[in-house]
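# Architecture and fold: a report
Here is how the chains run, residue by residue.
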Amino acid sequence: MNTFVRFERDRDVAVVTIDHPPVNALSPGVVEGLRAAIEQANVEAEVRAIVVIGSGRTFIAGADVHEFQKPTAGEYVAKIRATLSTIEDSAKPVVMAIHGAALGGGLETAMAGHYRLIAPSAQVGQPEVKLGLIPGAGGTLRLPRLAGVAKAVEMCAFGAPIKAQEAFAAGIVDRIVDGDLRAGAVAFAREVASQPVRRTRDRQEKLANADPAIFSAAREQASKKWRGQTAPLAAIDAVEATTKLAFADGLKRESELFYQCLRSPQAKALIYAFFAERAVTKIPGISGSTPTYDIARAAIVGAGTMGGGIAMAFVNAGIPVLIKETGQEALDRGMTNIRRNYARLPQEAADQKLALITPQLTFDGFDQADIIVEAVFENLAVKQQVFREIDGISKPGAILATNTSSLDIDQIAVATKRPDMVIGLHFFSPANIMRLIEIVRGSAIRPEVTATAATLAKRLGKIGVIAGNCPGFIGNRMINVYGREAQFLLEEGATVEDVNQALFDFGMAMGPLAMFDLVGNDVMRDIAAISSTAARSPLVLPQLCAMGRLGQKTGKGWSRYDESRKPSADPEVAALIESTARSAGIERRIISKQEIVDRCILALVNEGAHILEEGIALRASDIDVIYLTGYGFPAWRGGPMFYADSIGSSNVVARIEEFGWTPAPLLKRLAAKGKTFT
Ligand code: COA
């Protein structure tokens, strides 16, 4: 048909193959080719049925997201809709053969067919909400007709893909095909060739009597899970409209809602974030041909919260680990935590994972490890001592990684005879869950080690972002200025609750002082100490630490916590802040919510600009990915740098100057030229 879509004949069955690597997105050309192929098959008299299949690793990963960023997005989506109508209108049965994934526009295409077959390992989903969108090509109409209203609401509003077995049970696919999918699909096509076609749009049985409680419950859940986001609610509205309108009117309603979403700043931010996440793997000087080391076995020093979490991250990717502690009690505690974590799994799966972990008090077997990750106390001398030891016993070619969150990688590397093999892998807690790893490069590092770390991050199912070596790297260096600003606001008159609420309402997962209390005020104090060169220091944090008010772990910090860790305002803290501020001669006043948000967020932006200019981050979008995946920044705002761009660099500079700060030189240059970070 064209370069993206092949049309072949297997006797009386037309086989239409989409061949648009890497993921067969419905790019321009694919859409037209697919339509032309269906038309061709309907014209050729010998053809009795049609199979649509994807070549390479997947069926169709969705609409081409790049097209959504163009002014022609409307025409593009209209073309997809027209192609899907052609498929559904086909007089000859169309059998969709799904392997890999049918996501978004991919599932919509599949549902426009008359039958769907699926490989056992494949998955289907409507993940558009993650891009700030809803299905725009009939997904909110066809999915409830196949899967029922409740399932469709769940899939369209929450976006999680489902596996083949679940898709079959829900009625989305007609058969699971083991073995050769194409052969199975062609045989199936022959089976159904002489039967009248069953069009999804005509199927009504699962739409009747939809319980209104499905929608209200989903709205409540979506408002919690996707706080601040509009697309999930629009997706629910669209499915609800499906239950009330004829197909053609429902399509119109879906289309209106889709365009509302597409035009929203939220979709722009989320689509930006989608590509930003994928850009992190593009590292200057490193390519697909850069050699990498095989990582078949790992060893971890330290079985505390971080060490245990990192061990689980490796094990979850099928990599066996040795985990070493200095004392039996600490080792037992670490293993108890790991076991408690795996207790949520079925017994057999938990046993399999635990069998990959060897707890020990010695370095036995560390000489076999391909990577050793140090996760001990955050203290340079302690870490240097560990690196001297592991350097002495590990095999040549083993990578030595430190999980430091802020210390100088070069100073750790010099404790070894192989500084070129030393790297920072800054996991975030809980390390088995959080997707972010900062991959920190020291000055001596070999490109092969960086390339291996990047590949390893992907294998662990994580996002590895490259960071340069400076105190706090990217994430914690920025969180320091953010946390400082939050504390200055308290000294100047805001309450702990004002500051937490303002940033929570901005969309942060939690307020800054709630974050301090969660991480531990002692930990935050130590992180701050590493890079503190600023003239003004927060006055209250050291006092809280001295009082043992370390946060949730001691039941008291900036707030008071009950047994279920629910916070409440603590008058003692309010009094302490006030008296400290007064004795330091700080003028107290009423501070607006806007000022609280601007000072904290623009502090992040200004520091981000310094980090970018110093080359500590490779690109502004890497900073955003770190904040989205590691620090609870609202995804629908795109990250601090994208947020700054959405306000405009000259407005950011003006506001920063109002606060009496010095704008970062890069920020000033951007403002002068009317440019943006991203
Ligand atoms: N449109 C445009 N490009 C897409 C795309 C889409 N729908 N889906 C993936 N890509 C691109 C990625 O940007 C990446 O490009 P790059 O190599 O230039 O960075 C490449 O395809 C591979 O994607 P990646 O995500 O790295 O591969 P993966 O194997 O880890 O995951 C998928 C494959 C399909 C699961 C994943 O890409 C995905 O979830 N895609 C989006 C699906 C979606 O949201 N569809 C709804 C759109 S309506």
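Here the structure is shown first, and the text comes after it.
Residues numbered from 1 in each chain as written. Predicted model: local features only at pLDDT ≥ 70, side-chain atom pairs only at ≥ 80, totals over all residues. Heavy atoms only, no water.

It is worth spelling out the packing of aromatic side chains at this point. Applying the stated rule across the entire model yields twelve aromatic pairs. Where Phe68 meets Phe258, the ring centres are 5.9 Å apart and the plane angle is 65°; that geometry is what we call edge-to-face. Here Phe258 lies in helix H11 (residues 247-262) and Phe68 lies in helix H2 (residues 65-68), a separation of 190 residues in the sequence. Its relative accessible area of 12% is what places Phe68 among the buried residues. Taking 4.4 Å as the distance between ring centres and 25° as the angle between the ring planes, the aromatic pair formed by Tyr272 and Phe642 counts as stacked. Linking Tyr272 in helix H12 (residues 265-279) with Phe642 in helix H27 (residues 640-647), this pair joins segments that are 370 residues apart in sequence. With respect to burial, Tyr272 and Phe642 carry one shared label: buried. Residue placement shows Lys225 over the ring face of Trp226; its charged tip is 4.7 Å from the ring centre. (Phe/Tyr/Trp six-rings, centres within 6.5 Å; stacked < 30°, edge-to-face > 60°. Helix = DSSP H or I, 4+ residues; strand = E, 2+ residues; numbered from the N terminus. Buried < 20%, exposed > 50% of the residue type's maximum accessible area, 1.4 Å probe, protein only. Lys NZ or Arg CZ within 6 Å of the ring centre and 35° of its normal.)

In this section: unusual backbone geometry. Cis peptide bonds are those with omega within 30 degrees of zero, and the linkage from Pro21 to Pro22 qualifies with 0°. Residue Pro430 is bonded to the preceding Ser429 through a cis peptide linkage, with omega at -5°. Secondary-structure assignment places Pro430 in the loop between strand E15 (422-427) and strand E16 (436-441). The phi angle at Phe473 is positive, at roughly 55°, despite the residue not being glycine. Relative to the elements of secondary structure, Phe473 occurs in the loop between strand E17 (463-468) and helix H19 (475-491). Phi angles above zero are rare outside glycine, and Arg565 is one such case at about 65°. Note on placement: Arg565 falls in the loop between strand E18 (560-561) and strand E19 (567-568).

Spatial ordering of the open sheet is given by E1-E2-E3-E4-E6-E9, a layout of six strands whose pairing is mixed. The open sheet has two free edges, formed respectively by strand E1 (5-10) and strand E9 (175-176), since each of these has just one partner strand. The pairing of E1 with strand E2 (residues 13-18) spans six bridges and is classified as antiparallel. The partner of Arg6 across the bridge, within E2, is Thr17. Strands in contact with helix H8 (residues 181-192) are E1, E2, strand E3 (49-54), strand E4 (94-98), strand E6 (115-118) and E9; relative to E4, the strand with the most contacts, it is inclined by about 160°. (Pairing = 2+ DSSP bridges. Contact = heavy atoms within 4.5 Å. Axes fitted to C-alpha atoms, helices over the stretch in contact; angles between N-to-C directions.)

With that settled, consider the sheet that holds strand E5 (residues 101-103). Taken together, the three strands give an open sheet; going across it, the order is E5-E7-E8, and neighbouring strands pair in mixed fashion. Unpaired on one side and paired on the other, E5 and strand E8 (162-163) mark the two borders of the sheet. As paired elements, E5 and strand E7 (residues 123-125) share three bridges and run parallel to each other. Residue Ala101 lies in a different strand from E7, and its bridge partner there is Gln123. Contacts from helix H4 (residues 105-112) reach E5 and E7 within the one sheet, and its direction differs from that of E5 by about 95°.

Another point: the site of the ligand. Taken together, 20 residues lie near the ligand, and Arg57, Ala63, Val65, Arg278 and Lys282 sit nearest. One nitrogen or oxygen atom from the main chain of Ala61 is found 3.0 Å from a nitrogen atom belonging to the ligand. A distance of 2.6 Å separates an oxygen atom of the ligand from a polar atom in the side chain of Lys282. Taken by itself the ligand offers 870 Å² of open surface, and the protein chains cover 72% of this. Where the shell around the ligand is concerned, the elements lending two or more residues are H2 and H12. Take the shell around the ligand: its biggest share by element is three residues, from H12. Residues that form the shell around the ligand fall into these classes: eleven nonpolar, three polar and six charged. (Near = heavy atom within 4 Å. Polar contact = N/O pair within 3.5 Å; in protein donor to acceptor, adjacent residues only side chain to side chain. Areas by Shrake-Rupley, 256 points an atom, 1.4 Å probe, with all protein chains shown as cover. Nonpolar A, V, L, I, M, F, W, Y, C, P; charged D, E, K, R; others polar.)

Ranked by size, the top nonpolar core spans 91 residues in total, and within it Ile474, Val499, Trp558, Ile601 and Phe677 carry the most contacts. Considering each element in turn, this core owes the most residues, ten residues, to helix H25 (residues 593-613). Aside from chain neighbours lying at most four places away, what touches Ile601 is Tyr482, Leu503, Phe506, Met508, Phe633 and Tyr643. Counting 77 residues, the second-largest nonpolar core is a separate cluster that includes Val5, Ala37, Ile38 and Leu143. (Core = buried A, V, L, I, M, F, W, Y, C linked by side-chain atoms within 4.5 Å.)

Here helix H13 (residues 305-316) is twelve residues long and its end C-alpha atoms lie 16 Å apart, about the 16 Å a rise of 1.5 Å per residue gives. Among the twelve residues of H13, nine are classified as buried, and the element is accordingly described as predominantly covered. Of the residues making up H13, those classed as buried are Gly307, Gly308, Gly309, Ile310, Ala311, Met312, Ala313, Phe314 and Val315. Where H13 ends, the next residue or the one after it, Gly318, has phi of about 85°, a positive value. (Expected span 1.5 Å × (residues − 1).)

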